[in-house]
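# Overview (structure and organization)
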Amino acid sequence: MSERLLCALDDIADGGSRGFPAAPGGFIGLFAVRRGEAVFVYVNSCPHVGLPLEMQPHRFLDEAGERIICAAHGATFRVEDGLCMAGPCEGEGLEVVPVRIEAGQVYVPAKAGL
């Protein structure tokens, strides 16, 4: 499987999130949430109506930094697996992107988000 470098691990603040543009030839970006040395990456598309989750760059988490939130409709998702816990898409989930971290670099499949 071919991969692409998403970013350096240190580009994502511990406990924070960061958005990324679509892969070349793609239309939908990705976003990542960091918890210590773990990074969770998802396609930036709410399962409710397909909108990007953030209204401001890199703002994917609630104020407490505990859940992913869709700014359009207020749906909340677990960081660890992207499952919607409340909102119009409850029980559905974000599209998970496999992650590999090596030597402080975060890699995802080349076609993630396409």
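Refer to the structure presented above.
One structure accompanies this document, and this report is about it. (Residues numbered from 1 in each chain as written. Predicted model: local features only at pLDDT ≥ 70, side-chain atom pairs only at ≥ 80, totals over all residues. Heavy atoms only, no water.)

## A word on the pairing of strand 3 (residues 30-35)
Burial runs high along strand 3: 5 of the 6 residues are buried. Where strand 2 (residues 17-20) lies against strand 3, 4 bridges are found, and the strand directions are antiparallel. Bridging across to strand 3, Gly19 finds its partner in Phe31. Bridge analysis of strand 3 against strand 4 (residues 38-43) gives 6 bridges, and the strand direction is antiparallel. Across the sheet, the residue bridging to Arg34 is Val39, located in strand 4. Connecting strand 3 to the antiparallel partner strand 4 that follows it, the hairpin turn spans 2 residues, and Gly36 within it adopts a positive phi of roughly 65°. (Buried < 20%, exposed > 50% of the residue type's maximum accessible area, 1.4 Å probe, protein only. Helix = DSSP H or I, 4+ residues; strand = E, 2+ residues; numbered from the N terminus. Pairing = 2+ DSSP bridges.)

## Describing the pattern of salt bridges
Under the counting rule described, the total for this entry stands at 5 salt bridges. Between Asp81 and Arg78 there is a salt bridge, with the nearest N and O atoms lying 2.5 Å from each other. The exposure class of Arg78 is partly exposed, given its relative accessible area of 26%. Salt bridges sharing partners connect three or more residues here, namely Glu3, Arg100 and Glu102. (Salt bridge = Lys/Arg side-chain N within 4 Å of Asp/Glu carboxyl O.)

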